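# Reading the structure
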There are 2 protein chains.
Amino acid sequence: MPEARVESTRALRIEAVPGFDREVDVIVVGHGGAGASAAIEAARAGADTLVIERMTRGGGTTALSTGVVYFGGGTRVQKACGFDDPVDEMIKAVRVAAGAHADEAKVRRFCGESVEHFDWICDLGVEFKDSYVAEKTTHPLDDNCLFYSGNELAYPFADAAAPSPRGHKPAHPGEAGGFLMEPFLKSTETAGARVLTDCRAERLIQHEDGRVVGLVARRNDERLHLKARRGVILCAGGFVENETMLRQHAPHLLQCNYKCSTPGDDGLGIRIGAGAGGNPVNMHEGLVLNAYYPPASNLKGILVDRNGQRFINEDAYIGRTSDAIITRADGRAWLVVDDECYGRSQGFHKLAAVEESIEGLERALGLPEGRLVATVASYNTHAARGEDPTFHKAPEHLKPLSSPPFAALDCCTSNSFYGVLTLGGLATDAESRVLTSEQQPIVGLYAAGRNAAGLCLEGRTYASGLSIGDATFFGRVAGRNAAALAPWK
Amino acid sequence: MPEARVESTRALRIEAVPGFDREVDVIVVGHGGAGASAAIEAARAGADTLVIERMTRGGGTTALSTGVVYFGGGTRVQKACGFDDPVDEMIKAVRVAAGAHADEAKVRRFCGESVEHFDWICDLGVEFKDSYVAEKTTHPLDDNCLFYSGNELAYPFADAAAPSPRGHKPAHPGEAGGFLMEPFLKSTETAGARVLTDCRAERLIQHEDGRVVGLVARRNDERLHLKARRGVILCAGGFVENETMLRQHAPHLLQCNYKCSTPGDDGLGIRIGAGAGGNPVNMHEGLVLNAYYPPASNLKGILVDRNGQRFINEDAYIGRTSDAIITRADGRAWLVVDDECYGRSQGFHKLAAVEESIEGLERALGLPEGRLVATVASYNTHAARGEDPTFHKAPEHLKPLSSPPFAALDCCTSNSFYGVLTLGGLATDAESRVLTSEQQPIVGLYAAGRNAAGLCLEGRTYASGLSIGDATFFGRVAGRNAAALAPWK
């Protein structure tokens, strides 16, 4: 699929429409996690719903992910595993996980209705095992379900709320995104929504009063003018595949070497929304993922920069440590481990050096003389007491690095696996309505998933499962609201 | 002046205009450095030119600044002071100073025509002395002119180009922004442009084909529809006065406590441009200024974070060190000096502690035990050899910190003077044309100054004088191009 080159994403005035090829109540752009959720809810509410999807089949980036969804407040799985997780504690946790400038109304709604959302997804046919994985991991590598997927147990988040595991992985070994999405795709059709694949949105159609009333799309060589009596929902993903947009908005993400995306994540949905008055915000933020665990024993190592200095607590979620590697360490860092704690990671890291002494490791890495030695000496002194006064790694991950040989795992962005997705998009409210730069809703226009600046705004505070949680939850909100909007003619 | 609250900044279709109150060739929005330059050039080219200005008098943020302008390539002042500064070296320097993703065409044009631009500003009546200030300073505090205003002599920039001083301060003691702007304001009128003060832009007027053909403005209680036969030039400043926009685009700048701005820098010009299809980019970047020098002897101190670690070479331009304090040190840093190098700075810093030993200073600051002691010991060992292997401060600023008492200047964002301005705005090309998200020029629409994402895109690479240099230079480009555009009717 070639990259979308469009002449203009400025909304077409309805007077300029030569005639509508098709007329429905609700149009959903994109058939990933957000779009499917929107379409299912819109169709179930009785709206004549059409999904247009650029690819030959839906699924989107959700289908390519681990499939982890962030739920809490006492889901069936949480309760079965002995976690009560009061909603108030989930709110406190999500408030910090969503970022310093998270939307309080979105946080409260997402948490307050999380158990209902879990049940809804189960009812679609997605299976989750009533099982808990205690060891710190990026996601259960087998078909187990519940785990601590973010910074819940790490400084400074552990003090913000009573911790509970909220990452829920569907009951499928390995990456479970496809397993998660299949019931969504099937449910889209059983709910009565129609899906037009290989069809690309080009621009919105807008009434003079600002209301969005349809969409121009292209399917093969044919241009389609589609009328949406009630609303259009943009769920077309992020912009990590668009190098120009990355350079303009988030150039630090360009150094990441693995895009968590389909080719459709080229920001077209965001640009189309802006073309009708939508306001792209938070465009500089992304989620960056470099995983030096599992096994969790690697967390007993220390991350150092090219000055031999630590810069973050190593037991933080990888979205946080990876962001720190890029913003604080200029993309150059190593995880220093000893023979006792080192465990082969998932294969994403090479060993930059193995030496019998820290002095030797320092030399082998070309670090300034004495700096790594001083860092390890200071770390070991405190670790022996179960303390980390500088970066506050949790006691269970502290031990002196004293069993040779010592090794450095190469975590440099140039040599290691760095996954990335964007967290910027159209400004929306807790009703999934797209807002203008003057904070006014654009009537008839909704957005969800990475097409929106949604619930989760910062990679450095993120928890795994928040993006799919946000996309599916606020996709549903968009679908219900669009279906309930009074038709414009 | 109350903050601009506007219902919508979406461009008005020309068909909806009830009638034009006034008709000119070129409308310039904002009468600061960029707007005045645009207006002078447009009027001199024969265009009937109208400037609208929100405040009672022009000058803008340029008038509130130090007045430093970045020129090179061998200006009269540079030559008189013995600096040759070949244009090719200036290009190399500006290429890195403008930021990692600077526009090469803008860089080349700005440098290639810099001497002409200097002469043009002199011809307006701005005086610059043929004098050079060798000591590192934020700007000459007296009426002297030429100085190294950026990172030209600092790591890693010193290797990028043969260094020359390019900061030019007008011949006026102290802050010289007003002194700089007076001839611009006067020349606007002598060139024949008319100025409408106390008049606020509301939205652009746009033809169906996308061309911008006028502006809706408000003056007192009157709404004006102004027709621009040739073009509209947006020079209405940045958005540092708009808290909502800062939160949406650049939340890290919210911790700065002094806005380098007039109340007009609320982003209205950027939003108005976006309302006609313009594309705000680089919105996360700002210039942050916390000056712990002059005197230059303070550069012999070391900046440490709350872990007692260094994180940047202290002789870098303050835009770079201040950015590092915010992004690498979480806004908490101290400049540690000894009795020999300490010199009272401009009064922007309190002494957080004064102690007879580094151990005592470490305790007084509440830093983790032994970290500052280790940092100073390592720094002193290398400084005695004239080396700084970790951060590469230049040898002239290196000396062991060994003369008690020792002091810590409080550089925390919460306790110290942090000036800030925004560097994001409408995407433009080297012809100052506003570009859409699809990289197409919007016919009839130009932008310059902080209303645009201009020449200088990063505070961490910035040099003093680049913003006024960019604003006046590309303001002139906009003025000439708008005047030369064929009228639309």
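Small disclaimer: the values here were computed from a predicted structure and weren't measured. (Residues numbered from 1 in each chain as written. Chains lettered and ligands numbered in written order. Predicted model: local features only at pLDDT ≥ 70, side-chain atom pairs only at ≥ 80, totals over all residues.)

### Some points on the packing of helix 3 (residues 87–97) of chain B against helix 4 (residues 104–112) of chain B
Residue and element names in this part refer to chain B.
- Viewed as axis vectors pointing N to C, helix 3 and helix 4 meet at an angle of 140 degrees, and their least axial separation amounts to 9 Å. By the angle between their axes, helix 3 is oblique relative to helix 4. For the element pair helix 3 and helix 4, the recorded crossing hand is right-handed. Mapping the contact onto sequence places Val-87, Met-90, Ile-91, Val-94 and Arg-95 in helix 3 and Val-107, Arg-108, Phe-110, Cys-111 and Gly-112 in helix 4.
- Tallied by class, the residues present in the contact of helix 3 with helix 4 amount to 7 nonpolar, 1 polar and 2 charged. (Axes fitted to C-alpha atoms, helices over the stretch in contact; angles between N-to-C directions. Helix = DSSP H or I, 4+ residues; strand = E, 2+ residues; numbered from the N terminus. Parallel < 35°, antiparallel > 145°, perpendicular 65-115°, else oblique. Left-handed = near helix turned anticlockwise from the far one by under 90°. Contact = placed C-beta atoms within 7 Å. Nonpolar A, V, L, I, M, F, W, Y, C, P; charged D, E, K, R; others polar.)

### Some remarks on the relation of the copies chain B and chain A
- When chain B is fitted to chain A, the residual RMSD is 0.0 Å, and the transformation amounts to a turn of 180 degrees plus an axial shift of 0.0 Å. In short, the pair behaves as if placed about a two-fold rotation axis. Of the C-alpha atoms belonging to chain B, the one lying closest to the rotation axis is found on Arg-328 of chain B, 2.6 Å away. (Least-squares fit on C-alpha atoms with pLDDT ≥ 70 in both.)

### Describing the interface of chain B and chain A
- Contacts between the two partners involve 35 residues from chain B and, on the opposite side, 35 residues from chain A.
- Counting residues per element, the ones that place at least two in the side of chain B that touches chain A are helix 7 (243–249), helix 8 (268–274) and helix 11 (371–384) of chain B.
- Its residues placed into classes, the side of chain B that touches chain A shows 10 nonpolar, 18 polar and 7 charged.

### Brief notes about the domain arrangement of chain A
All names here are of chain A.
- Here the domain parsing of chain A yields domain 1 (12–64 + 177–286 + 422–484), domain 2 (70–168) and domain 3 (291–410).
- Between domain 2 and domain 3, the C-alpha centre-to-centre distance is 29 Å.
- Here the side of domain 2 that touches domain 3 is built from residues that sort into 3 nonpolar, 4 polar and 2 charged. (Domains from an automatic or database assignment.)

### A look at the sheet that holds strand 15 (residues 333–338) of chain B
Residue and element names in this part refer to chain B.
- In spatial order, the strands read 14-15-17-16; together these 4 strands make up an open sheet with antiparallel pairing. Pairing within the sheet leaves two strands with one partner each, and these edge strands are strand 14 (302–305) and strand 16 (351–355). Pairwise comparison of adjacent strand axes, ignoring direction, gives a mean angle of 25 degrees for this sheet.
- Across the face of the sheet, helix 10 (residues 358–365) comes into contact with strand 15, strand 16 and strand 17 (406–410) while running at roughly 145 degrees to strand 16. (Pairing = 2+ DSSP bridges.)

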